[in-house]
Each structure stands twice: as structure tokens, then as C-alpha cells.
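# Remarks on the overall topology
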Amino acid sequence: MAYTQEPQITVLPPDKEKIKKLWTVAGILGIITAFEFLVAFTMGHGPLKTAIFVGMTIFKAAYIVGEFMHLRYESKVLLWAILIPLIFIVWMLIAFIYEGMKFSEVNF
Amino acid sequence: MAHTSATTVSPERSTWDGGVSPMGASYGKLMMWFFLLSDAFTFSSLLITYGLIRSAHNAYTGTVEAFTFSAEYWPIPEKVFEAVPFLHGISLPLVFVGIMTFVLIMSSVTMVLAVEAGHRMDKKAVEKWMLWTLLGGIIFLSCQAWEWAHFIAGTDTPTLVKDFVNGTWVTKEVTGASLRINQYGPQAFADFFFFITGFHGFHVFSGVMFNFLIFYNTFTGVYERRGSYEMVEKVGLYWHFVDLVWVFVFTFFYLV
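The model shown is predicted, which means the values in this text are computed figures rather than measured ones. Counting starts from 1 at the beginning of each chain's written sequence and moves along it residue by residue. Each chain takes a letter, starting from A, and each ligand takes a number, starting from 1, following the order in which they are written. Per-residue local features of the predicted model are confined to residues with pLDDT of at least 70, and side-chain atom pairs are confined, for both listing and counting, to 80 or more; whole-chain, interface and lining totals are unaffected and use all residues.

## Observations concerning the overall build of chain A
Runs of H or I in DSSP of at least four residues are treated as helices and runs of E of at least two as strands, each being numbered from the N terminus. Secondary structure assignment for chain A yields four helices and zero strands. In sequence order, the secondary structure elements of chain A are arranged as α-α-α-α. Only C-alpha atoms enter the radius of gyration; for comparison, a globular chain is expected to reach 2.2 Å times N to the power 0.38, where N is the number of residues. For a compact globule of 108 residues, the expected C-alpha radius of gyration is about 13 Å, and chain A comes in at 22 Å, more than 25% above that figure. Referenced to the eigenvectors of the C-alpha coordinate spread, the extents of chain A come out at roughly 80 × 35 × 25 Å. Partly exposed residues are those whose C-beta has more than 12 but fewer than 20 other C-beta atoms within 10 Å; 20 or more makes a residue buried and 12 or fewer makes it exposed, with C-beta atoms placed from the backbone. Looking at the 108 residues of chain A, the share that counts as buried comes to 14%.

## Here's the deal with the interface of chain B and chain A
Contact residues are listed per partner, giving 40 residues for chain B and 44 residues for chain A. For the side of chain B that touches chain A, the secondary structure elements donating two or more residues are helix H2 (27–56), helix H4 (95–119), helix H7 (222–226) and helix H8 (230–255) of chain B. A total of 11 residues in the side of chain B that touches chain A trace back to one element, the largest contributor, which is H2 of chain B. Residue type decides the class: Asp, Glu, Lys and Arg count as charged, Ala, Val, Leu, Ile, Met, Phe, Trp, Tyr, Cys and Pro as nonpolar, and the leftover types, Gly among them, as polar. Its residues placed into classes, the side of chain B that touches chain A shows 23 nonpolar, 10 polar and seven charged. Placing a C-beta atom from the backbone of each residue, one calls two residues in contact when those atoms lie within 7 Å.

## Quick word on helix H6 (residues 187–219) of chain B
Each helix should span, by expectation, one fewer than its residue count multiplied by 1.5 Å. Taking 1.5 Å of rise per residue, the 33 residues of H6 of chain B would be expected to cover 48 Å, and the 47 Å separating its terminal C-alpha atoms lies within 8% of that figure. Looking at the residues trailing H6 of chain B, positive phi occurs at glycine 221 of chain B, about 80°.

## As for the environment of isoleucine 152 of chain B
Residues and elements named next belong to chain B. With respect to the helices and strands, isoleucine 152 occurs in helix H5 (residues 123–153). For the pair isoleucine 152 and glycine 176, spaced 24 residues apart in sequence, the C-alpha to C-alpha distance is 4.7 Å. In this structure, isoleucine 152 is in contact with Gly176, Ala177 and Ser178, ignoring residues within four places of it in sequence.

## Side note on the packing of H6 of chain B against H8 of chain B
Residues and elements named next belong to chain B. Where helices are involved, their axes are fitted lines through C-alpha atoms of the stretch in contact, as for all axes, and angles between N-to-C directions lie from 0 to 180°. Look at H6 against H8: their axes get within 10 Å of each other, and the N-to-C directions meet at 160°. When the interaxial angle is binned, H6 and H8 end up roughly antiparallel. At the point where H6 passes H8, the crossing takes the left-handed sense. Contact residues: H6 offers Ile196, Thr197, His200, His203, Val204, Gly207, Phe210, Asn211, Ile214 and Asn217, while H8 offers Met231, Val232, Val235, Tyr238, Trp239, Val242, Val245, Trp246, Val249 and Phe253. Looking at side-chain class alone, the contact of H6 with H8 contains 14 nonpolar, six polar and no charged residues. By definition in this entry, angles of less than 35 degrees are roughly parallel, angles greater than 145 are roughly antiparallel, angles of 65 to 115 are roughly perpendicular, and the rest are oblique. It is the rotation of the near helix from the far one that decides the hand of a crossing: anticlockwise by less than a right angle makes it left-handed, clockwise makes it right-handed.

## Focus on unusual backbone geometry
As a rule of thumb, non-glycine residues mostly have phi less than zero, and peptide bonds are mostly trans rather than cis. Residue and element names in this part refer to chain B. A positive phi angle, near 70°, is found at phenylalanine 86, a position not held by glycine. Topologically, phenylalanine 86 is positioned in the loop between helix H3 (77–80) and H4. Looking at phenylalanine 86, the number of C-beta atoms within 10 Å reads 5, which means it is exposed. A positive phi angle, close to 45°, is found at asparagine 166, a residue other than glycine. Position of asparagine 166 among the secondary structure elements: in the loop between strand E1 (159–165) and strand E2 (168–174). A residue is classified by how many C-beta atoms lie within 10 Å of it, and asparagine 166, with 5 of them, is exposed.

## Points about the domain arrangement of chain A
Domains assigned within chain A are domain 1 (16–69) and domain 2 (75–102). On a C-alpha basis, the centroid separation for the pair domain 1 of chain A and domain 2 of chain A is 21 Å. What fixes the domain bounds is an automatic or database domain assignment.

## Brief notes about the environment of leucine 92 of chain B
All names here are of chain B. Along the chain, leucine 92 falls in the loop between H3 and H4. On the neighbour-count criterion, leucine 92 (13 C-beta atoms within 10 Å) is partly exposed. Remark: the alpha-carbon pair of leucine 92 and valine 247, spanning 155 residues in sequence, is separated by 20 Å. Leaving out residues up to four positions away in the same chain, leucine 92 has contacts with Glu82, Val84 and Leu87.

## With respect to the nonpolar core
Residues and elements named next belong to chain B. Among the nonpolar cores identified, the biggest contains 65 residues, and Ala114, Val249 and Phe250 are the most heavily contacted of them. It is H8 that provides the largest number of residues to this core, a total of 17 residues. Residues contacting alanine 114, with those up to four places away along its chain left out, are Val126, Trp129, Met130, Thr133, Val232 and Gly236. One nonpolar core equals one set of buried Ala, Val, Leu, Ile, Met, Phe, Trp, Tyr and Cys residues connected by C-beta atoms within 7 Å.

## Side note on the packing of H4 of chain B against H5 of chain B
Residue and element names in this part refer to chain B. It is at 8 Å that the axes of H4 and H5 come closest, and there the two elements cross at 160°. Judged on the interaxial angle alone, H5 and H4 are roughly antiparallel. Note on packing geometry: the crossing formed by H4 with H5 is left-handed. In terms of residue class, the contact of H4 with H5 is made up of 18 nonpolar, six polar and one charged.

## Remarks on H5 of chain B
Residues and elements named next belong to chain B. In this model, H5 (31 residues) spans 45 Å end to end at C-alpha, consistent with the 45 Å of a helix rising 1.5 Å per residue. Restricting attention to buried positions, one finds in H5 the residues Val126, Trp129, Met130, Thr133, Gly136, Gly137 and Phe140. Among the structural elements, H4, H6 and H8 are those in contact with the buried residues of H5. At the exit of H5 stands glycine 154, carrying a positive phi of roughly 90°.

## Concerning the pairing of E2 of chain B
At least two DSSP bridges between two strands are required for those strands to pair. Across seven bridges, the pairing between E1 of chain B and E2 of chain B is antiparallel. Following the sheet pairing, leucine 160 of chain B is matched in E2 of chain B by glutamate 173 of chain B.

Structure, rendered in C-alpha cells:
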């Protein structure tokens, strides 16, 4: 019978290099977050502060998607199939924030 | 008949006949990616609408120390989110949300370690890391429950808010927030807090459910018998996405 036979499972040893790399990425994410906190309490509100936060966020997002979600190592077709549609988000962002600024000039 | 052999003799299907995965990934993984892309659009809509409504309101221009809650301008986040459990009355701006961010990033790390263990067919290690991931998710949800409870209950000192009651405007003392009235600022601020963090929290909740399923299936040996731990990878993608969304929510709701 097929079921009486135990399946042969070979457990490989942990990949030290890969695990070390994952912890490095985690460390980078932690450091960026700590830096964001530093900026949050030392800088006055303004466009520069917002720009720093947005930049840091995109940096973190790139690490999460690229390393944790492994997208960097997938085939190029998959990478672009995911990244190109994000153009629509950029478009939406620009259009809506522009509209929002016009809102304050309109009296409802 | 050499030219027919490719379709009749060879059991392998040709490249143009479904012989290979066009993107080098399995169907399930590909569909998870496209689902996450659509989910990214949903979250972008919420966050961009937040940006639109916020830029349509007046910004607070005074100093941080002199800040008081008012419906006249959009509140600055470090004055709204400054409470930490068991430290009542002490102003600790953004500390609690910082802890939440740390918890979610750590659970993302343990998830990726579970995926790594799955590649090695190491059942025990997958179980261990899935348990850590579950713990991280549950801690995050508990923190969010507290944060919501605090946001709804409000501060010790109430804010005077104008409200429309039975056809006339009245000024009344308000503590906390609901979808109808709140003490922190314009009503849209509280509404967006509930919608955006609520929608994200619901994703975390679903993620914890999926993670439990993965842990259960690993524990009962489903993936070992299947000979592949790819399901861990697929749910891992979802879990990292939840972390990714939090990175954006954290920036645009709590920092900017």
C-alpha cells in the first residue's frame, strides 16, 4: 500500500547567509523608523519634513517588497507587471491633492 | 515526420502551449500578487482621499506646545496620539504607535524566516516561526484595540464643539470621538482614523486567521505530505503586504 510507506523528507540545514541578510534588512527598517521618529520631534512642520517622511517610506517599502516579498528575485516580467500599474496611484495622488488644494478656495 | 513530433510524440508542452509559467511563478502566487496590487489601489484610495480632505482644511500654524483641539484646523498627530497604556496623564507622543510599528515589522521578519524554513522542508522551524508571527499579529491587534478604545473615550479635558441639534447650532463639551462628533478636530479626521486604521486592522485580523490556518496545516503535516511549503510563501506575501500598508498608514496618519 502506498500509505504505509513513509515519505522521504530531507531537511536541509539553515541557510546562514540568507538568514543574516534578512536580519540586516530588518535592522535597516528599524533604523529608518528610528530616524523618522528623530525627524518627527526635531523638525518643524513643513514641505521639507513631509518630503523626508515620504522618501523614507518609499525606501522602507522598497525593502519590504524587494527583500521580504522577494520581488527583486522574481522574473522581470512579474516585477514590471506589479510595478508599472502603480503609475495609476501616482496619477491619482497628483490629481487628488491638486483638487484638494483648490477645495479651500471654494466656498461650499 | 519531424514537424509533427513536437505536438504528438513529446509529452512536454511547448513554450507557446502552456509548457512554462510565463512569469516563473505558480498560479496561486501570481494571483496573490495581483490581489495585493488591487488591494494597494484600495488603500491608496483611502490614503489619498485623506490627503485631499486634509489639504482642503486649514493647517495648524502655531507652536506644538500651544496646540489645543479645535474644529477650525486639522490636528497635529503627535498631540492626538500621545497616550501609552498604564501611563495615564503622561504625554508620550507617538510612543505607542512606535511600539506597534516595531511589533508588526518583527512579525514580518519571523514570517520570512518561516518561509525560509519551508524551503528547507524543516517542519519544526516553520511551526516555531509561524507561532512567533501569530504572536506578533495578536499583539498588534490588541494594541490597536487599546488605541481605538482610547481614541473613542478621549482625553480628561473636554473640547467645546459646535453641534447641530434639532435645527439649531449649540456649543457643547465633547470628549472622545465617534463617526458623528469628535473632540480632536474636523469630523473628517476622526472618520478617517476609524476607516483607515479599521480597514488595515481588519486586514491584520484576516492575516492572523490565515497564519493560524498555515500553522495548523503545517502542524498536521499537510504541507509535508504535499512535499511543498509554498502556501507559507503565499500567505507570507499577504502578511508582508499588511506590514507594508502599515508603513504608509504610519507615515501619512501619524507622522506627517
